[in-house]
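# Structural characterization, general
Each chain is listed here by its residues.
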Amino acid sequence: MMGMGEVGTNFGLASLMVVWAIFKDHFPYRLRGHIQKYFQKLVRFVYPYIEITFQELAGERLKRSEAFSAIQNYLSTKASSQASRFKADVVKDSKSLVLTMDDHEEIPDEFEGVKVWWVLNKHVNESRSISYYPVSDEKRSFKLSFHKRHRELITGPYIEHVMSEGKAVSTKNRQRKLYSNNPSKHWYGWKRTKWSHVFFEHPSTFDTLAMETKKKEEIKNDLKKFRQGKEYYTKIGKAWKRGYLLYGPPGTGKSSMIAAIANFLDYDVYDLELTTVMDNTELRNLLIETSSKSVIVIEDIDCSLDLTGQRVKKKEKDGDEEETDPIKKKEKEESENKDSKVTLSGLLNFIDGLWSACGGERIIVFTTNHVDKLDPALIRRGRMDKHIELSYCCFEAFKVLANNYLDIDSHELYAKIECLLGETNMTPADVAENLMPKSDEEDVETCLNCLIEALEEVKKEEARKKAEEEEARLKAEKEEKEKAESAQESVKVDENSANSVVKENGFHKEGDTVGVDSN
Ligand SMILES: Nc1ncnc2c1ncn2[C@@H]1O[C@H](COP(=O)(O)OP(=O)(O)OP(=O)(O)O)[C@@H](O)[C@H]1O
Ligand SMILES: [Mg+2]
């Protein structure tokens, strides 16, 4: 609370205000402006404090102001020890309680020995206006008061301190979100949102991820370096973002790794479904609406859009015959219209065009099952900085899974499993499924034996396939050889018959006179 001197000053100010309110209307209108000017000078003299107001709703569309949220979070750390009336909120999986100051409560704060006061004001709007967008009738604002001689310190370093501390608190308290993009027809109207979200609660972490420890550590170090790299990225003149390409067969842990990355960095996830994005402009608009500290994911990039084949397809379409059946024609037109018109260059711009730099601190992840199908321009370093192959389960990866699923570090059956894993291609998803106990009766040994059985089955199947392929190859080779031989035969036959024709006609290549009767 303010000291005695400050109370006295406030009282003096209040008296002045009352006097002004009573006599204001008795002055002629033209004089009122002058008097008001001098009156405010007097107020400033009697009341040497500066007040700054931070409104909750700001901007054209009355969006919640970032500054207001940051102040609220910052003060929540002070409120617990200084205020007597609180509002309580439960955050993060209902596990922690956050106390914020109640309306009209005053909280003092100190910065470099200078005292300031915060008050949360609430103003209820009496006159209801009709608006297309729902607007709250309650207007809240924070008022910051401090002595005018500290203007520089408070409006500069102190406010910066409040903002950064507030943002850090909100990062710590927030429940992370998994966003998915809405089709553009839902972008307008009062329910306008480009992204819908649910809370992100995927349990995958780098500890549960089955892959070689060395590779895992390398990825974790890369992510750590990125997270701490704000200054470094500024220094080298690069936007603060990093591209990851995860590739490998289905069920090798690409999606699990994305979740692990998001959990490791404590970032939100934006799952971008490219097929619902109609064109490059929409893609850019979606990008602008993503927040920093996020992982933007485009899964199965080779299936999302035929980026590489788009030009070829177009040419093919141009060459197509005109459809004459009116129903088929309409169907064709509709399906063409539905097709996303996002192009490769649009996507490249999304990744590293000028717009991609707004906000910073973003990881962009592409996943694919067929890395060879992607356009090299899309995955060159600088765009997709780190290429990570997720492959079939090796023994090291199996040990992680066995530890997760069965709580074991070793077993006498491990040697056999190691040998079988070396001879077969089984995805971590299949290994995990075989390791998982299906009932309370199944113990560790049963599960490991179940995996061994499955691996032997796969081994047999692979051997059978290999034999079939070898047989098919040999057959094809034989057919090829026979074809070549018969082609040679037919050439020989043709040559012979041609020669005999020449002889019959009496023609000879070496000279017209040869064999021709001169008489
Ligand atoms: N490397 C792994 N570590 C741990 N679990 C894994 C791993 N790979 C697969 N799994 C298990 O298999 C399931 C499927 O894996 P995931 O969805 O990550 O595969 P994917 O590579 O994304 O497959 P797709 O290409 O079909 O999308 C996961 O829920 C997880 O339980
Ligand atoms: Mg996946």
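Please read these numbers as outputs of a predicted model, since none were measured by experiment.

## Observations concerning the site of ligand 1
Surveying the vicinity of ligand 1 reveals 15 residues, the closest of which are A210, G251, K254, S255 and S256. A distance of 2.7 Å is found between an oxygen atom of ligand 1 and a side-chain nitrogen or oxygen belonging to S256. One nitrogen or oxygen atom from the side chain of N369 is found 3.1 Å from an oxygen atom belonging to ligand 1. Protein coverage of the free-state accessible area of ligand 1, which is 620 Å², stands at 72%. When contributions to the shell around ligand 1 are tallied by element, the ones reaching two or more residues are α7 (254–265), α14 (395–406) and α16 (428–435). Here the element with the most residues in the shell around ligand 1 is α7; it accounts for three residues.

## Overview of the sheet that holds strand β14 (residues 362–368)
Strand order in the open sheet made by the seven strands is β10-β9-β12-β13-β14-β11-β15, with mixed pairing throughout. Across the chains shown, the open sheet's two edge strands, defined by having one partner strand only, are β10 (195–199) and β15 (386–389). Between one strand and the next, the sheet's axes are offset by a mean angle of 20 degrees, whatever the strand orientation. The sheet contact formed by strand β9 (residues 177–181) and strand β12 (residues 268–271) spans three bridges and is parallel. Bridge pairing in β12 links Y179 to Y270. Relative to β14, α7 is tilted by about 170 degrees, and along the sheet it contacts β11 (241–247), β12, β13 (294–298), β14 and β15.

## Some remarks on the packing of aromatic side chains
Counted by the stated rule, this structure contains 15 aromatic pairs. Ring centres of Y179 and Y270 lie 4.3 Å apart, and the angle between their planes is 5 degrees; on these two criteria the pair is classed as stacked. Taken as a pair, Y179 in strand β9 and Y270 in strand β12 lie far apart in primary sequence, 91 residues in all. On the accessibility criterion, Y179 (13% relative accessible area) is buried. With centroids separated by 5.8 Å and ring planes inclined at 80 degrees, the aromatic side chains of F226 and Y233 adopt a geometry described as edge-to-face. Grouping aromatic residues by their ring pairs yields a cluster made of F54, F68, F111, W118, F142 and Y158. Note that R227 overlies the ring of F264, its terminal NZ or CZ placed 5.5 Å from the centroid.

## Some remarks on the packing of helix α5 (residues 213–227) against α7
Running from N to C, α5 and α7 point in directions that differ by 45 degrees, and their axes come no closer than 11 Å. One way to sum up the angle between α5 and α7 is to call them oblique. Between α5 and α7 lies a crossing whose hand is right-handed. Of the residues in α7, those in contact with I219, K220, L223, K224 and R227 of α5 are M257, I261, F264 and L265. Considering only residue class, the contact of α5 with α7 consists of six nonpolar, no polar and three charged.

## Regarding the packing of helix α8 (residues 280–288) against helix α12 (residues 344–352)
Interhelical geometry of α8 versus α12 gives an angle of 15 degrees and a closest axis separation of 9 Å. Relative to α12, the element α8 lies roughly parallel. Here α8 and α12 pass one another in a crossing that is right-handed. Packed against α8, whose contacting residues are N280, L283 and L287, the element α12 presents G346, L347 and F350 at the interface. The residue inventory of the contact of α8 with α12, partitioned by class, reads four nonpolar, two polar and no charged.

Rules used throughout
Residue numbers restart at each chain and count upward from 1, following the sequence in its written direction. Labels follow written order: the first chain is A, the first ligand is 1, and so on. Totals for whole chains, interfaces and linings use all residues, but because this is a predicted model, local features are given only for residues with pLDDT of at least 70 and pairs of side-chain atoms are given and counted only at 80 or more. Hydrogens and waters are ignored; side-chain quantities use all the structure's heavy atoms. For this purpose, a residue is taken to be near a molecule or strand whenever a single non-hydrogen atom of the residue falls within 4 Å of it. N or O atoms within 3.5 Å of each other form a polar contact, as long as, within protein, one can give a hydrogen and the other can take it, and as long as residues adjacent in sequence are counted only when both atoms are side-chain atoms. In this description, accessible areas are obtained by the Shrake-Rupley approach with a 1.4 Å probe, and a residue is regarded as covered only by the protein chains that are shown. Per the convention used, a helix needs a DSSP run of H or I reaching at least four residues, while a strand needs a run of E reaching at least two, with both numbered from the N terminus. Strand pairing requires that DSSP identify at least two bridges connecting the strands. Every axis corresponds to a line fitted to the C-alpha atoms, with the helix fit spanning only the stretch in contact, and the corresponding angles, defined between N-to-C directions, vary from 0 to 180 degrees. Throughout, a residue-residue contact means that at least one pair of heavy atoms, one from each residue, lies within 4.5 Å. Under the pairing criterion, centres of Phe, Tyr and Trp rings, with the six-membered ring standing for Trp, must be within 6.5 Å; the plane angle then separates stacked pairs below 30 degrees from edge-to-face pairs above 60, leaving the rest tilted. Burial classification: accessible surface area is computed with a 1.4 Å probe over protein chains only, and a residue below 20% of its type maximum counts as buried, one above 50% as exposed, and the rest as partly exposed. Charge over a ring is defined by NZ of Lys or CZ of Arg lying within 6 Å of the ring centre and within 35 degrees of the ring normal. By the definition adopted for this analysis, an angle is roughly parallel if under 35 degrees, roughly antiparallel if over 145, roughly perpendicular if from 65 to 115, and oblique otherwise. Left-handed is the label given to a crossing in which the near helix is rotated counterclockwise from the far helix by less than a right angle, and right-handed is the label when the rotation is clockwise. Under the grouping applied here, Gly and all other residues not named as nonpolar or charged are polar, the nonpolar ones being Ala, Val, Leu, Ile, Met, Phe, Trp, Tyr, Cys and Pro and the charged ones Asp, Glu, Lys and Arg.

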